Structures are given as structure tokens and as C-alpha cells.
Amino acid sequence: MARSTAHQQMANAIRALSIDAIEEANSGHPGLPLGMADVATVLFSEFLKYDASDPHWHDRDRFVLSGGHGSMLLYSLLYLLGYDDIKIEDLKKFRQLGSKTAGHPEYGHLKGIETTTGPLGQGVANAVGMAITEKMLSARYGSDIVNHMTYVMAGDGDLMEGISQEAITLAGHLCLNKLIMIFDDNQISIDGPISKTDSTDQTKRFEASGWEVIEIDGHNTNEIADALDRSIKSVKPSMIKCRTIIGYGSPNKQGTSSVHGSPLGSEEYLLTRDKLGINYDKFSVPSEILEEWRNIGLKGCKQRRDWEERIQKLPPEIRDKYNSQISGTLNQNVYKSLIELKHDYLTTKSHIATRKASEIALQCINENTEFLVGGSADLTGSNNTKTHNINEIVAENFSGRYIHYGIREHAMGAIMNGISLHKGFIPYGGTFLIFSDYCRPAIRLGALMEQHNIYVLTHDSIGLGEDGPTHQPIEHLSSLRAIPNVYVYRPASAVETIECWELILKNKNGPNLIALSRQNLYEFREISEQFNVNNCEKGIYLIKANSDNPDYALFASGSEVEIAIDAYNSLTESGIKAAIYSVPCLDLFNDQDNNFKSSIIKNAKQNIVIEAGISQGWEKILGDDGLFFGMSSFGASGPYKELYQHFGLTKDHIIDIIMNNREINE
Ligand SMILES: Cc1ncc(C[n+]2csc(CCOP(=O)(O)OP(=O)(O)O)c2C)c(N)n1
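Quantities reported herein were computed from a predicted structural model and do not represent experimental measurements. As a convention, each chain's residues are numbered from 1 in the sequence order in which they are written. Since the coordinates come from a predicted model, pLDDT governs what is reported: local features require at least 70, and pairs of side-chain atoms require 80 or more to be given and counted, while whole-chain, interface and lining totals use all residues. Hydrogen atoms and water are omitted, and side-chain values are computed over all heavy atoms in the structure.

(A) Expanded view of the overall build of the protein. In DSSP terms, a helix is any run of H or I states spanning at least four residues, a strand is any run of E spanning at least two, and both are numbered starting from the N terminus. Scanning the protein from N- to C-terminus turns up 26 helices and 20 strands. Rg of the C-alpha trace for the protein: 28 Å, near the compact-globule value of 26 Å for 666 residues, within the 12% margin. Projected onto the principal axes, the alpha-carbon positions of the protein cover approximately 90 × 55 × 45 Å. The rule is simple: take the accessible area with a 1.4 Å probe, protein chains only, and divide by the maximum for that residue type; under 20% is buried, over 50% is exposed, in between is partly exposed. Taking all 666 residues of the protein together, 62% fall into the buried category. Sequence separation of 24 or more characterises 77% of the internal contacts of the protein that already satisfy a separation of 6 or more. If you average the places of the 62 positive and of the 85 negative side-chain charges in the protein, the two averages end up 4 Å apart. Every radius of gyration here is taken over C-alpha atoms, with the globule rule written as 2.2 Å times N^0.38, N being the number of residues. It only takes one pair of heavy atoms within 4.5 Å for two residues to be counted as in contact. When charges are counted, neither His nor the chain ends are considered; positive counts come from Lys and Arg and negative counts from Asp and Glu. Think of each charge as sitting on NZ of Lys, CZ of Arg, CG of Asp or CD of Glu.

Structure below.
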């Protein structure tokens, strides 16, 4: 069965370290590392292109462990291969607070972790994003510079999750032949045999989606190597269905769900080591085996150096462009042109939807940089995401930079994560704000990994009108703001939209979401303003005030700003002291220092917030006696102006309530 004794020893070193760490932590998942050690050994020792001494080499093959619960497989490999940021001490601290070897692999903890995995299925779509990016970069710089494979190891759980279907079908459609999925077909998940829950013929499923499928015994090294060899040459994405035994080597637990996610236990741990012939101490791989692994880790060194030479030989302007593209550095023209555009819109006093203004901003951005890749989940014409200066990518040609994701919001989010993790493009993708629910897990992971992704979320309130409550976001602004590292922008006019886009391009430490109106909005910004100052920078700014000590401060975002302005004007006409603030990004406001925040929050006797969503998140501004005008129920189907009336989001209603309260308090 074994290719060679050496292979067995190398694979067993992975197994040994994995169960050592899991026993030490008394927590973790031994099933996957024990079962997949053979495949991983062949892949990493004979096929994967990487250099452990330079883990970020950009043309390395990408390896995604989608079943993040099997993290010890990856940690053992990285240690054995000699990645310099992982030591044996790190394996001893597996799953401990502050350790690099977290329960599931976390991007940024160790150099060899390509993406954070754990929520099943995400890694599959991340890998699709990486494979797309490789093709797009290769189409631009040639295969001498960009030419690598993307491997994703996935289990039954990954393939059962819906996101995998979205990702697999898109990968097949785009013919991502440099994407290889290694399916750990062990027929076991937590609740027991897969036969309890699924009877899909995975081979037919993948073939129907345009993949090549190769079925092998995942413990037979020759079959593994042959399959990898064939997959690399395939003209389609490949799925290698590896029949494996979960928990391979554990005499009493292998092949059962009991080995999936619990330590073996002291007795079974010893029996397993014994059965596998591991006769060395815990955490001490014999030097000859370690040396063999370390040599493998450096095998790619020459390839990497050759690649660096090829980079050096590029014409300087191409080399510079490549480096800027990989680091995501946008040229200053992008920002200059946005300021000019803003100037135009200050002078024209437009009356357009912010989704239209966003298209205009994107048009300008895409004209001045080639580093963004756009897309939409089948709502291109509504999200206004495809500007006329960019072309779509298709299976035969990846020189474009627009992705028709199809109706696949979840995969779109995770593919965008894969694109930004790969580096080379800043992805933006569109859908309706309501359908952010369909990609929320990917948004959250992008936030955890601090990835520069942009979500263009149009139809941002009951203002979308007739499509009704199924399409009207209510709790979405608040719930998205609640995710750490996520910035939700909701501009109120064309000029604010342009300003928000500038901030979005500069805020590289997490997903940026821009919520945009379907309905037209008036431009309220004045030409007298210094047009090179970005008023949205702190997330909030004063539009106007008739007093330094107002009785009322009105705060609004997006389409409700014009209602708030009308209310402010009414108060002013009645001789009541008032101020009005626009809040294009509550998250940015929350980031400001306390002095700044207090100076705004505590300025008026009473604060009034107007936003066509729920009140959650506005508590600091509202304080104990603030007034909130928004939504506390689902919306309804009808013309949008009638809906605003119906839900009390009108100047008249707001003024009535303020005046009634005023009378009571006087
Ligand atoms: C989205 C999501 N749902 C549930 C889980 C919890 N979970 C972790 S592993 C697992 C079973 C996975 O089975 P499989 O992929 O066959 O892994 P194996 O048993 O082979 O290790 C589940 C349900 C998760 N991590 N992510």
C-alpha cells in the first residue's frame, strides 16, 4: 500500500504531532489530520509550489484547508516544513489563549495560513476567488510571472453546505482548470455516517458542474500522485475524491464519528501511536524525518529565485505596476479625479439616486485604476456596478475585470475574500441590501481577516417601494454595523456618495459596505464648500445650525437626511433653536475620540435620529431622552412616498411629535 517507508514515516510525523497537540490541549479534531496525512504528504512533498523560507512569495501555489477543524494537519505541516514563525512550542500551545495555533486556522496568525477557515464551505469559495485572481493576473502579466495552482482540501461538511454549490458551479462555468479540490471522502461527519443525511453522488454532481473527477484510495500514495498529476494537466477544475478512513491509525476509533472532534484519550492515543509504529516521544520527531521535511520545505527556493529574476527583468514600468497591484496601492489620480467629480456635482445640484451616484463614482475610479474588480450577484443593472469602461471575465478570457457572479451572493462574498487574500485586486460586489443576509458569513470572515472588500448594497430601505417587505431591509444597517471591522456607509446625496467612495478606497482594514438608495435624492451640499475637504471623514458632520446651543439636534443618514433638513427648516421658521447632522458612517463616528463625540452628542438639549431602519446602534446619540424615527416592523408593498407617510417618516409627523413633546415639557 505504501509508496515507500519514507512516505509512511513522513505522514506519520504529521499524525504524531497532530495527536500530540490535541492530547496536550485536551481539545481538537484528530480525525481529519490522521485521515488526510497521506494525501497531504504527497501534495506538499511532490506537487505544491512554495518556499518555506519565503512564505509570501506571490506566485506560490495556494493551499486552503476548508475544513478548518482539521487545523492540526496544517500546523504540523508548517512546523515540519520549517516555516520560521512556528516552533514546537506553538504546537504545545495548540488552542490556548494568545497562541498562534488557534482552534481553527486564523489568517495572520501564521504565514502559511492562506485564509481563516472553520465555517464550513467558505474555504471552497475562497479558493475559487484565488483561482480567478490567478487567471486575471496571468492574463495581464503572462504565465512567466503568474502561474500557480490553487488547492482546496474539503470534507463532507464543506460539500454539504450550500455555498459549495454556488462556488463549484461558478468554478466549472469559468473553467478554472488550475483549481484542484481534494475531497476527504471519509463518509463521516459529527452525527455519524453521511448516509444518515446525504445520498448525493458527488462524482456526478461535480461532473454536471463542469469538473473533472478522479476517484482514488486516499491512502495509496501512487494513486494520490497520479491523480494530482492528471488534475494539474486537466482543462477543467478537478475534484480528487479521496476515499479515506477518518482517524486512520486509531485502532478503536478510526472510521467512526467518535474520532472527528474529540481527543483520542490517553489510552487510545498510546494505542494509535503503537499501531502506526510511532516510537518516539511526544512532540519530538526524529531528526532524520524532520530533516527530510525541512529539505522539502526549501525545494521551491530555486523556483522562487528564478521567478524573482524574471520579475527583475520586466520593464520597470510593468514591474512597478505589478508591485503596486499586489500591494493594492492606488495611484493618486484616483483620488484627484474623485475630488474633481465632486466639484462637478457640487455645481450641478443633481437629483439622482445614490446608486446612480455610486456608478458615476465607480466610472471615475475604474477610469483611473485597473486594480478593482467589480461584480454583482445578477443585479448588475440595479446595483449599477458595471461601468462602461470595464469588461466581464469569461472562461476563455480573463483580461476583463467584471464578474457576473450569478445568483450566488454567499459565494460572491467568499470569492471576494479569496480575491483580496490572494492580492492583486480590490473586489467590489453588488446585491440588494436585504440580500446581505445571504452573504453575511463571508462578510463576517472578511471582517475577521481585515480584508479590503467592498459591498455595493442598493435598495437600502422601504424607499425601494413596491417590491415590498421581502425586499425592504429593516434591521440590516444595524446588524451589519454590529460586526467588528465592518464599515457601513450610507450617503445622503451624490456628493456624499463620492466622498464615501474615497473613504472606502482608503479604508483597507476590513469590508466596506455602501448602502445606496433606489430613489432620487436632492443634493444639499453647497458649492461654497471647500471641495477638497471630505466631510464624511469622521462619519458625521454638521450640515447647518441656527444656534450654538440648540434645543434639538437632528441626526440622519442616507435618504432620510432630506427629511431631516425639511424638519430643521420648519423648526428654524418657528424660531426654534436647532442643528442638523448628516451621519454617512456611524461606524466611523464611533471610532472618533470621546471629546469629539461628546461635543456632538451633548450639544443639544434633545437628540433626534431619523433613519429608515431599527434604532439599535443609535443609543449613544439618542441617550435617555432622544427621539427615534425609523422602523420597528417589517415594511410593506406600495409606492415609496406612501410608505414613508405610512411609517411616519415625514417632516410633518416628526415636527408634530417634537411640538407635542415640547408642549408637554413646558
Ligand atoms: C457552517 C458550519 N456549520 C457547522 C460547523 C460545525 N462542524 C464542524 S466540523 C463538522 C462536521 C464536518 O464533517 P466533515 O466535513 O465530514 O469532517 P470530518 O468529519 O471528515 O473531519 C461540523 C458540523 C461548522 N464548522 N461550520
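Resuming the write-up.
(B) Local environment of the layout of surface pockets. In this model, the largest pocket occupies a volume close to 420 Å³. Cavity: a set of points on a 1 Å grid over the protein atoms alone where a 1.4 Å probe fits but cannot get out. Pocket: an open set with protein on both sides within 12 Å along at least five of seven lines, its lining residues, like those of a cavity, having an atom within 4 Å of a point. Glu-562, Ile-563, Tyr-640, Lys-641 and Tyr-644 are, among the 17 residues lining the largest pocket, the residues nearest its centre. Contributions of two or more residues to the lining of the largest pocket are made by strand 15 (520-522), helix 21 (561-573), helix 25 (640-646) and helix 26 (651-665). For the lining of the largest pocket, the leading source of residues is helix 25, giving four residues. Residue classes in the lining of the largest pocket are distributed as six nonpolar, six polar and five charged. Grid points are joined across faces, edges and corners, and a volume is the space filled by probe spheres set on the points. Each residue gets one of three labels, nonpolar for Ala, Val, Leu, Ile, Met, Phe, Trp, Tyr, Cys and Pro, charged for Asp, Glu, Lys and Arg, and polar for the others, Gly among them.

(C) Region of interest: the packing of helix 7 (residues 162-173) against helix 17 (residues 409-422). Packing of helix 7 against helix 17 leaves a shortest axis separation of 8 Å and a crossing angle of 70 degrees. With respect to their mutual orientation, helix 7 and helix 17 come out roughly perpendicular. Taken together, the residues of helix 17 that come into contact with helix 7 (itself represented by Ile-163, Glu-166, Ala-167 and Leu-170) are Glu-409, His-410, Ala-411, Ala-414 and Ile-415. Its residues placed into classes, the contact of helix 7 with helix 17 shows six nonpolar, one polar and two charged. Where helices are involved, their axes are fitted lines through C-alpha atoms of the stretch in contact, as for all axes, and angles between N-to-C directions lie from 0 to 180°. Under this scheme an angle from 65 to 115 degrees is roughly perpendicular, one under 35 degrees roughly parallel, and one over 145 degrees roughly antiparallel; angles in between are oblique.

(D) Structural view of the packing of aromatic side chains. Whether two aromatic rings pair depends on their centres lying within 6.5 Å, for rings of Phe, Tyr and Trp, where Trp uses its six-membered ring; planes under 30 degrees apart make the pair stacked, over 60 edge-to-face, and the rest tilted. Applying the stated rule across the entire model yields 13 aromatic pairs. Relative to Phe-63, the ring of Phe-44 has its centre 5.1 Å away and its plane inclined at 75 degrees; by these criteria the two rings are edge-to-face. Pair noted here: Phe-44 is in helix 2 (residues 31-47) and Phe-63 is in strand 1 (residues 62-65), with a separation of 19 residues, a long-range link. Taking relative accessible area as the criterion, Phe-44 reaches 4% and is therefore assigned buried. With a centroid separation of 5.9 Å and an interplanar angle of 20 degrees, the aromatic rings of Phe-432 and Phe-435 are classed as stacked. Classification of Phe-435 by relative accessible area gives buried; the value is 18%.

(E) View of the pairing of strand 17 (residues 552-556). By the criterion of burial, strand 17 is predominantly enclosed, with five of the five residues buried. With burial as the criterion, each face of strand 17 is covered, one bearing Tyr-552, Leu-554 and Ala-556 and the other bearing Ala-553 and Phe-555. Relative to strand 18 (residues 578-582), strand 17 is paired through five bridges, and the arrangement is parallel. Residue pairing for strand 18: Ala-556 is matched across the bridge by Ser-582. Note on handedness: a crossover is taken as right-handed if, strands pointing away from the viewer, the path from the first strand over the helix to the second is clockwise. Where the polypeptide runs from strand 17 across helix 21 and back to strand 18, its parallel neighbour, the crossover connection is right-handed. Two strands pair if DSSP finds at least two bridges between them. Examined bridge by bridge, strand 17 and strand 19 (residues 606-610) share five bridges and lie parallel to one another. The residue of strand 19 that forms the bridge with Ala-556 is Ile-610.

(F) Region of the structure containing empty space enclosed by the protein. What the rule picks out here adds up to two cavities of 30 Å³ or more. Estimated volume of the largest cavity: approximately 110 Å³. Around the largest cavity sit 14 residues that line it, and Leu-48, Phe-63, Tyr-83, Gly-112 and Glu-114 are the ones nearest its centre. Breaking the lining of the largest cavity down by element, the ones donating at least two residues are strand 1 and helix 3 (71-81).

(G) Here's a closer look at the site of the ligand. Consider each residue's heavy atoms; a residue with any of them within 4 Å of a molecule or strand counts as near. Near the ligand there are 14 residues, and of these His-69, Gly-157, Asn-186, Ile-188 and His-260 occur at the shortest range. The backbone of Leu-120 places a nitrogen or oxygen atom 3.0 Å from a nitrogen atom of the ligand. At 2.6 Å from an oxygen atom of the ligand is found a side-chain nitrogen or oxygen belonging to Asn-186. To decide whether a molecule occupies a pocket or cavity, check its atoms: if more than half lie within 2 Å of the grid points, it is inside. More than half of the atoms belonging to the ligand lie within 2 Å of the grid points that define the second largest pocket. Put simply, the parts of the chain that give the shell around the ligand at least two residues each are helix 6 (156-160) and strand 4 (188-189). Pairing of N or O atoms within 3.5 Å defines a polar contact, subject to two protein rules: one partner must be a possible hydrogen donor and the other a possible acceptor, and residues neighboring in sequence count only if both atoms are side-chain atoms.

(H) Spotlight on helix 10 (residues 266-276). Three or more residues of helix 10 are buried, namely Glu-268, Tyr-269, Thr-272, Arg-273 and Leu-276. An end-on view of helix 10 places all buried positions within 140 degrees of arc, on one side of the element. Exposed and oriented more than 90 degrees from the buried face of helix 10 are Ser-266, Glu-267, Leu-270, Asp-274 and Lys-275. Each element contacted by the buried residues of helix 10 is listed here: helix 1 (5-25) and helix 2. In the stretch just after helix 10, Gly-277 is the one whose phi turns positive, near 75 degrees. The directions from the helix axis to the C-beta atoms are what the arc is built from.

(I) View of the packing of helix 21 against helix 26. Running from N to C, helix 21 and helix 26 point in directions that differ by 45 degrees, and their axes come no closer than 9 Å. When the interaxial angle is binned, helix 21 and helix 26 end up oblique. Relative to helix 26, the crossing made by helix 21 is right-handed. Two secondary-structure elements touch here, helix 21 through Ile-563, Asp-566, Ala-567, Ser-570 and Leu-571 and helix 26 through Lys-651, Ile-654, Ile-655 and Ile-658. Split by residue class, the contact of helix 21 with helix 26 holds six nonpolar, one polar and two charged. Take the far helix as your reference; a near helix turned counterclockwise from it by less than a right angle gives a left-handed crossing, and one turned clockwise gives a right-handed crossing.

(J) Structural detail: the nonpolar core. Within the largest apolar cluster, 70 residues are counted, with the highest numbers of intra-cluster contacts made by Tyr-151, Ile-182 and Trp-293. Those residues in contact with Tyr-151, other than ones at most four positions away along the chain, are Leu-43, Phe-47, Leu-48, Asp-61, Arg-62, Phe-63, Val-64, Ile-180, Ile-182, Leu-228 and Ile-232. By size, the runner-up hydrophobic cluster in this structure holds 69 residues, among which are Ala-357, Ala-567, Leu-571 and Ile-655. Nonpolar cores are built from buried Ala, Val, Leu, Ile, Met, Phe, Trp, Tyr and Cys residues. Side-chain atoms within 4.5 Å join them into one set.

(K) Representation of the pattern of salt bridges. One speaks of a salt bridge when a side-chain nitrogen belonging to Lys or Arg is within 4 Å of a carboxyl oxygen belonging to Asp or Glu. Applying the stated criterion across every chain yields a total of 28 salt bridges. Its salt-bridge partner being Lys-178, residue Glu-134 comes within 2.7 Å of it at the nearest N-O pair. On the criterion of sequence distance, the pair formed by Glu-134 in helix 5 (residues 122-141) and Lys-178 in the loop between helix 7 and strand 3 (179-185) is long-range, its members being 44 residues apart. Grouping residues by exposure puts Glu-134 and Lys-178 together as buried. Salt-bridge contacts for Lys-605 lead to Asp-551; the nearest nitrogen and oxygen are separated by 3.1 Å. Residue Lys-605 is located in the loop between helix 23 (594-601) and strand 19, and its partner Asp-551 is located in the loop between strand 16 (541-545) and strand 17; the two are separated by 54 residues in the primary sequence. The exposed category is assigned to Lys-605, whose relative accessible area is 62%.

(L) Molecular detail of the state of the cysteines. The definition used for a disulfide is geometric: two cysteine sulfur atoms within 2.5 Å. All told, the structure shown has zero disulfides when counted by the stated rule. Here Cys-536 is not cross-linked by a disulfide; its sulfur's nearest cysteine counterpart is in Cys-500, at 4.2 Å.

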